[in-house]
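Listed here are the chains, written in short residue letters.
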Amino acid sequence: MTRSAMRRALRPLKETRTVATIAAAGAVAVAAYLLPTWVGLAGVGLIVATAAILAAGSAAALRPLLRDLDAKASTSELLERLASNSAVPAAAYIHRIERVRNALAGGFPDTALAEAKKIAASGKVPASERIALMKSVLDWHIAEDERWSSGGRRSHFDIVLISHFGLQGGNTSANVADIRAYRDHGLTVGLLHHPVFQWGPNAPMGQRIEALCDGETVTRIERHEDVTCDLAVVRLPTVLLKPLEERPRIEAKGTVVIANQTPFKFYGSDGPREVAWDIATVEAHVGEWLGPHTWYAGGPAVHSVLAEHHAEETAGLDLAFMPWNECIEIDQWRLEGRRETDGRIRIGRHSRDHKLKWPEDPKALLQCYPDREPFEIHTLGGADTPAAILGGLHSNWTTHPFNSLSAKEFLEQIDIMVYFISSDGMEAFGRAPLEAMAAGVPVIMDRRFEPTFGPAAVYCDPSEVASTAERLMSDSGAYAAQQSFAWDFIDERFSGKALAERLSLHGVTAGGRG
């Protein structure tokens, strides 16, 4: 059992932990595995320290090891001069060392220790660097033991939301909207920031989420807490490809997992490609940590993909028939009026600049975003991908970097949103067009989005985009009617009220009286 797993298992017992849990023979075995032949006694001390990290159970017992490592560090330069093998360039190992430290800070100590042991065994990494690394690992465990000995906070929430809260784009926007809706319905919310390990094990929580944490209604959950809740919600299954190794104990009356991303990024005629996450792995990790749970597709498109391409993998899952739609409040987005007409038609779109997000065919791309009068093309989020496809952007394009404007500020500057993506790309939902609809900006979309947005958007082929946009702009009645269609559909499917109805199915009601 790993050290962090042992902590989780022993926490309910509230017993004083044993100082030594690994026998001396185990330390010798570790030393034999790690010891570089030329390092001598300093290397033995380094490996014993590594074993002691696993064996020691109190900060007081670990502190003498720090003094020993300091002594070894003072001789490291001499050892390096005597070494017969040449050191590798600093850049080759600095990244690995930084990764270890980030894994420790981010809640992945078992993985950090495994990598630190590999680095410690490498004769090509300077001894001073290896000793310093093992000292930092030991420092972390001492601090961790002191945090544990002081006892973790015990908390209860109506909702616990587990997600990566540091991402840019739709995942964070969806989380912000849901947190506000939970709060507005009188529910208490606990937020567990869970980085995706392969994207950065110590990625920070984003400012938009931090701004919602008031310590009362919305509270950040730390890794040493004991938490109970009426409902745990996991959004973004990718986070649980590798769960936190130091994580809170969460007892939930119910748990839902929102698959707001398809298992593959692309689904073409030649089959799926570019894996995003694995259903079986996430299913096992959720069950181990949170117990029985219900899966929800993050929209009709995801539900269709799971049924068509992953029927065998999902056969044993408790998969809800209806999707867990994203939430948006029209009153927070509705613009005061249309942009003042000037004879131009401003087509806009905002999204991450990724190949998934744009038509890959130059002809289709120009049909969706015309390079002729009276059209202007405005983008928020970057446009390197369309520039590469077209061999450069045309003079009627205006681009804004990601986060240079708020989404609402951007929507105030356009007349129509046009949202088409890669022909074999799979957009799980479409947060950006939903925001445009709520703001009162008509959206022209790929027909693949119709199961998600129904009458809230206008659907056509790329070749019909220009004429459809011209028709809407020339007919104020049609423009206003499309706004009304969108607002009515949003209120029915995507409002805070719709979210509250979904929560009630899991025993959570307004005011936290579930």
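Note: the structure precedes this text.
Residues numbered from 1 in each chain as written. Predicted model: local features only at pLDDT ≥ 70, side-chain atom pairs only at ≥ 80, totals over all residues. Heavy atoms only, no water.

Engineer: Quick rundown of helix H10 (residues 279–290)? Include the residues and the values.
Structural biologist: Look at H10: 16 Å from first C-alpha to last across 12 residues, which is about the 16 Å you get at 1.5 Å a residue. Residues of H10 that are buried: Ile 279, Val 282, His 285, Val 286, Trp 289 and Leu 290. Around the axis of H10, the buried residues are gathered within 140° of arc, so they sit on the same side. Away from its buried face, by an angle of more than 90 degrees, H10 presents the exposed residues Ala 280 and Glu 288. N-capping of H10 is provided by Asp 278, with a side-chain oxygen placed 3.4 Å from the backbone N of Ala 280. Remark: Gly 291 follows H10 within two positions and exhibits a positive phi of approximately 85°. (Helix = DSSP H or I, 4+ residues; strand = E, 2+ residues; numbered from the N terminus. Expected span 1.5 Å × (residues − 1). Buried < 20%, exposed > 50% of the residue type's maximum accessible area, 1.4 Å probe, protein only. Arc of directions from axis to C-beta. Polar contact = N/O pair within 3.5 Å; in protein donor to acceptor, adjacent residues only side chain to side chain.)

Engineer: I'd love a proper account of the side chain of Arg 431, names of residues and values included.
Structural biologist: Inspection of the secondary structure assignment puts Arg 431 in helix H17 (residues 431–439). Polar contacts involving the side chain of Arg 431 include one to the side chain of Glu 326, which spans 3.2 Å. The residues touching Arg 431, leaving out its near neighbours within four places in the chain, are Gly 170, Ser 173, Ala 174, Ala 177, Glu 326, Cys 327 and Ile 328. (Contact = heavy atoms within 4.5 Å.)

Engineer: Outline the packing of aromatic side chains, supporting the account with residue identities and numerical values.
Structural biologist: Applying the stated rule across the entire model yields 12 aromatic pairs. Here Tyr 296 and Trp 324 contribute two aromatic rings whose centre-to-centre distance is 5.0 Å and whose plane-to-plane angle is 80°, an arrangement assigned as edge-to-face. With Tyr 296 in strand E9 (residues 294–297) and Trp 324 in the loop between helix H12 (311–314) and helix H13 (330–333), this residue pair connects regions lying 28 residues apart in the sequence. On the basis of relative accessibility, which here comes to 6%, the residue Tyr 296 falls in the buried class. These aromatic residues form a ring-pair network of at least three members: Phe 429, Phe 453, Phe 489 and Phe 494. A cation over a ring is seen here: Lys 242 above Phe 197, with NZ or CZ 5.1 Å from the ring centre. Over the face of the ring belonging to Trp 324 we find Arg 502, whose NZ or CZ atom lies 5.0 Å from the ring centre. (Phe/Tyr/Trp six-rings, centres within 6.5 Å; stacked < 30°, edge-to-face > 60°. Lys NZ or Arg CZ within 6 Å of the ring centre and 35° of its normal.)

Engineer: Just give me the short version of the environment of Pro 462, but keep the residues and values in it.
Structural biologist: Relative to the helices and strands, Pro 462 is located in the loop between strand E15 (458–459) and helix H19 (465–474). When the C-alpha positions of Pro 462 and Asp 446 are compared, they lie 7.8 Å apart, and in sequence the two are 16 residues distant.

Engineer: I'd like a description of helix H20 (residues 476–493), backed by residues and values.
Structural biologist: Taking 1.5 Å of rise per residue, the 18 residues of H20 would be expected to cover 26 Å, and the 26 Å separating its terminal C-alpha atoms lies within 8% of that figure. Restricting attention to buried positions, one finds in H20 the residues Ala 478, Tyr 479, Gln 482, Gln 483, Ala 486, Trp 487, Phe 489 and Ile 490. Contacts made by the buried residues of H20 are with H13, strand E13 (416–419), H17, helix H18 (450–453), E15 and H19. Where H20 begins, the side chain of Asp 475 points an oxygen toward the backbone nitrogen of Gly 477, at a separation of 3.0 Å.

Engineer: Tell me about the pairing of strand E4 (residues 226–235), and please be specific about residues and values.
Structural biologist: The buried fraction of E4 amounts to nine of the 10 residues, a majority that puts the element mostly inside the structure. When E4 meets strand E5 (residues 249–252), the two strands line up parallel, connected through four bridges. Across the sheet, the residue bridging to Asp 226 is Arg 249, located in E5. Two strands pair when backbone bridges link them, and E4 and strand E6 (residues 255–259) are joined in this way by four bridges, in the parallel orientation. Residue Arg 235 lies in a different strand from E6, and its bridge partner there is Ile 258. (Pairing = 2+ DSSP bridges.)

Engineer: Any chance you could break down the pattern of salt bridges for me, citing the residues and the numbers?
Structural biologist: Throughout the structure, instances matching the rule amount to 24 salt bridges. Ionic pairing is found between Lys 355 and Glu 274, a salt bridge with its closest N-O pair at 2.9 Å. Taken together, the residues span a long stretch of sequence, with Lys 355 in the loop between strand E10 (345–350) and helix H14 (362–368) and Glu 274 in strand E8 (residues 271–275) at a distance of 81 residues. Taking the relative accessible area as the measure of exposure, Glu 274 reaches 31% and is therefore partly exposed. Salt bridges linked by common partners bring Arg 344, Arg 346, Glu 373 and Glu 376 together as one network. (Salt bridge = Lys/Arg side-chain N within 4 Å of Asp/Glu carboxyl O.)

Engineer: Mind laying out unusual backbone geometry, listing which residues take part and the relevant values?
Structural biologist: Of the consecutive residues Glu 373 and Pro 374, the connecting peptide bond is found in the cis state with omega at 5°. One can find Pro 374 in the loop between H14 and strand E11 (375–380). One non-glycine residue, Leu 236, adopts positive backbone phi at about 85°. Non-glycine residue Glu 274 carries a positive phi angle of around 65°.

Engineer: Before we move on, can you summarise the sheet that holds E10 with the specific residues and values?
Structural biologist: Overall, parallel pairing links the six strands, which are arranged E12-E11-E10-E13-E14-E15 in an open sheet. Among the strands making up the open sheet, the edge pair consists of strand E12 (397–400) and E15. In terms of strand pairing, E10 meets E11 through six bridges, oriented parallel. Note on E11: the bridge partner recorded for Arg 349 is Thr 379.

Engineer: Could you give me a rundown of the packing of helix H5 (residues 90–106) against helix H6 (residues 109–120), with the residues and numbers involved?
Structural biologist: In the contact formed by H5 and H6, the axes pass within 8 Å of each other and the chain directions differ by 155°. The angle between H5 and H6 places the two elements in the roughly antiparallel class. Considering only the axes of H5 and H6, their crossing is left-handed. Side by side, H5 and H6 meet where Arg 96, Ile 97, Val 100, Ala 103 and Leu 104 of the first sit next to Pro 109, Ala 112, Glu 115, Ala 116, Lys 118 and Ile 119 of the second. Classifying every residue of the contact of H5 with H6 by side-chain character gives eight nonpolar, no polar and three charged. (Axes fitted to C-alpha atoms, helices over the stretch in contact; angles between N-to-C directions. Parallel < 35°, antiparallel > 145°, perpendicular 65-115°, else oblique. Left-handed = near helix turned anticlockwise from the far one by under 90°. Nonpolar A, V, L, I, M, F, W, Y, C, P; charged D, E, K, R; others polar.)

Fair warning: the whole summary comes from geometry, so function is off the table for now.
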